[in-house]
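Residue-level structural notes
Given next are the chains, with one letter for each unit.
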Amino acid sequence: MEVVRPQLIHRWISVFVLICLFLFEAQCFYLPGVAPQDFMKGDPLMVKVNKLTSTKTQLPYSYYSLPYCTPKQIVDSAENLGEVLRGDRIENSPFEFHMREPQMCNVVCHIVLNAKNAKELKEKIEDEYRVNMILDNLPLVMPIKRPDLDTTVYQHGFHVGLKGQYAGSKEEKHFIHNHLTFTVKFHKDPQTDAARVVGFEVKPFSVKHEYDGEWNGKNRLTTCDPHAKRTVTSSDSPQEVEDKKEIIFTYDVEFEESDIKWASRWDTYLLMADDQIHWFSIVNSLMIVLFLSGMVAMIMLRTLYRDISKYNQLETQEEAQEETGWKLVHGDVFRPPINSDLLCVYVGTGVQFFGMTVVTMTFAVLGFLSPSNRGGLMTAMLLLWAFMGVFAGYASARLYKMFKGSEWKKITLKTALMFPGVVFILFFVLNALIWGEKSSGAVPFGTMFALVFLWFGIAVPLVFVGSYVGFKKPAIEDPVKTNKIPRQVPEQAWYMNPVFSILIGGILPFGAVFIELFFILTSIWLQQFYYIFGFLFIVLVILIVTCAEITIVLCYFQLCSEDYLWWWRSYLTSGSSALYLFLYAAFYFFTKLEITKPVSGMLYFGYMLIASYAFFVLTGTIGFYACFWFTRLIYSSVKID
């Protein structure tokens, strides 16, 4: 019977106590901007407007780019770097709410359209643009009843307008949603009478408002009158969008008490019904990938154990010469590859990406990057990318020194500039296209300067620091000596052709992520919230395992066929999964999206190219290090004279 040591018990108790203390502290910890706010009856509620978005064009526009009612002074809300890059433009609005004080038929303003305004509104209605608003950090949603499922789904924002035809006419007209019925849901504290906002919903209507006499700003509407308790309930007589047409913007505010607590108020937004969500299929796919990974690992361990035992039992030199397989290439397996400098750069960049991904995912799983912290995810990724530069420099310098390189500053500069440089050029071209469309998604000059400063002011110096430390360390020693004259690689079987094995190697890592990839693409391009970071973290772990194992297996087969050129192939084997990612993105574009404009299509493929390039660097580095560890392990395990 095994006896548990007292020291071990004390250690576990200490860990448990620390976890309890952390959880206790976390109860009273809130992120900036997402702390609960209490409102007493009559307190003003700030309604803010955000960008206009469309899944058809993917080009956001500022709310006030359309002829909507404006407040006396438009004030931009403080935005973080992530919000600006997402195209968010959060500004104040002319809507005035007071907590638990319903309003009926409030007139916001009266405008008369000109030809330019009418054209802009028609274009936005044609492209199905939606208006986004925010109240107490909650986005505005529109409830839609689904009789087939007997449930209510929530659509982000409301459409600018709609297209339709008058009875008996075939001509299609454009109508604007000019009357909004807001519903503010609140959770009341029974002891203090204070309340917290837990929901923000809207029902839009298109109404041609009528009134007596000339408009002077004080007229009583006959279509919507708070005195006569007459409110808008339908769009039977809609407001047409045409030149010289007058539009009166109005709104109602209703307050509804809710049992939903403040801590759970985002559940409604995150549990948006989507027919494509099949949790069991996700779990099933993950389990299959795990099972395959386990099988691959078991086969590899058994085969290798038998090989090493057989090699170590050979008694004479003659027997050793008769043997074939991976032992025969021991004198060439650690020979530096062609373009070793470039490999060092890509491996260093991959380490930088890996560090950024793991830390970002950890923060996301812990809830620091929830949807309520708008723009937080992108801001965190950019900052972490810059700070992880120290690991990029260290990894590239260590590998470079192992390849007997001497110009460490040259390799450091390449590591600091190559990948970010390519991405920045692509991003700059795409930003110019957005700017040409006069979209609010275009990154301003000040933000572009901040990105360049982040790159050259923080990332580049940190890459040099890491590289200096890495190059000062003693070089990594090879477990076997390298021959002076390279051995000739024998003719390979068709299935060991580099291109074929590289393309086959990328299938399994892609298979580990492609279901999750569907949800990520949907959240990005169809403006939905992505929140299942726990699942994404599991998928990341499985991706790492599958990249490592498929590369090790194919590397082992390659060495067994006496092909020692494994350096680049190990990187490209798992990195080729990025090719499948890009092909899947193209498939998603043609089957799920309704993008018709050339600029929007270029934006989609441009950003997906950047994402695929980053995925290539990440997965390639994982495969390379797995293969690097594997080859060093097996060649240090056999007796070589």
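In what follows, the accompanying structure is described. (Residues numbered from 1 in each chain as written. Predicted model: local features only at pLDDT ≥ 70, side-chain atom pairs only at ≥ 80, totals over all residues. Heavy atoms only, no water.)

1. Quick notes on the state of the cysteines
Going by this rule: Any two cysteine sulfur atoms within 2.5 Å of one another count as a disulfide. Only DSSP runs of H or I with at least four residues qualify as helices, and only runs of E with at least two residues qualify as strands; both kinds are numbered from the N terminus onward.
In the structure shown here, the tally under the stated rule is 2 disulfides. The partner cysteine of C69 in its disulfide is C109, sulfur to sulfur 1.9 Å. Linking C69 and C109, the disulfide has an S-S dihedral of approximately -75 degrees and is accordingly described as left-handed. Of this pair, C69 sits in the loop between β1 (44–53) and α2 (81–86) while C109 sits in strand β3 (residues 103–112), and the two are 40 residues apart along the sequence. Sequence-ordered numbering of the bonded cysteines in the protein chain gives a disulfide pattern of 1-3, 2-4.

2. A look at the packing of helix α7 (residues 340–365) against helix α14 (residues 533–560)
Stated formally: For helices, the axis comes from a line fit to the C-alpha atoms of the stretch in contact; other axes are also lines fit to C-alpha atoms, and the angle between any two N-to-C directions lies between 0 and 180 degrees. Each angle gets one of four labels, with under 35 degrees taken as roughly parallel, over 145 as roughly antiparallel, 65 to 115 as roughly perpendicular, and the rest as oblique. For a crossing to be left-handed, the near helix must be turned anticlockwise from the far one by less than a right angle; the clockwise case is right-handed. A contact between two residues is defined here by any heavy atoms of the two lying within 4.5 Å. Gly falls in the polar group here, along with every residue not listed as nonpolar (Ala, Val, Leu, Ile, Met, Phe, Trp, Tyr, Cys, Pro) or charged (Asp, Glu, Lys, Arg).
Relative orientation of the contacting elements α7 and α14 amounts to 150 degrees, with a least axis distance of 9 Å. With respect to their mutual orientation, α7 and α14 come out roughly antiparallel. Considering how the two elements wind past one another, α7 and α14 form a crossing that is left-handed. Every residue of α14 that contacts α7 at F354, T357, M361, T362, A364 and V365 is listed here: F533, G534, L536, F537, L540 and I544. Its residues placed into classes, the contact of α7 with α14 shows 9 nonpolar, 3 polar and no charged.

3. Focus: the environment of F616
Looking at the element boundaries, F616 is found in helix α17 (residues 598–635). Separated by 44 residues in the primary sequence, F616 and L572 place their C-alpha atoms 8.2 Å from one another.

4. Examining empty space enclosed by the protein
For clarity, the threshold we go by: Using only the protein atoms, space was sampled on a 1 Å grid; points where a 1.4 Å probe fits but cannot get out form cavities, open sets with protein on both sides within 12 Å along at least five of seven lines form pockets, and lining residues are those with an atom within 4 Å of a point. Grid points are joined across faces, edges and corners, and a volume is the space filled by probe spheres set on the points.
Overall, the coordinates contain 4 cavities of 30 Å³ or more when judged by the stated rule. As for the second largest cavity, its lining consists of Y63, Y68, C69, F95, V108, F158, H177, N178, L180, F249 and T250. Of the residues belonging to the lining of the second largest cavity, the class tally is 8 nonpolar, 3 polar and no charged.

5. Considerations on the nonpolar core
The following threshold applies: Put simply, a nonpolar core is a bunch of buried Ala, Val, Leu, Ile, Met, Phe, Trp, Tyr and Cys residues held in one set by side-chain atoms that sit within 4.5 Å of each other. In this scheme, a residue with accessible area under 20% of its type's maximum is buried, one over 50% is exposed, and one in between is partly exposed, where area comes from a 1.4 Å probe on protein chains only.
Judged by nonpolar contacts, the single largest core of 144 residues is most densely connected at F97, M133, F182 and F200. Element by element, the count of residues in this core is highest for α17, at 18 residues. When near neighbours in sequence (up to four residues on either side) are disregarded, F182 contacts F95, F97, M133, L140, F200, E201, V202, Y251, D252, V253 and E254. In this structure, C105, F205, V207 and V232 belong to the second largest nonpolar core, which totals 8 residues.

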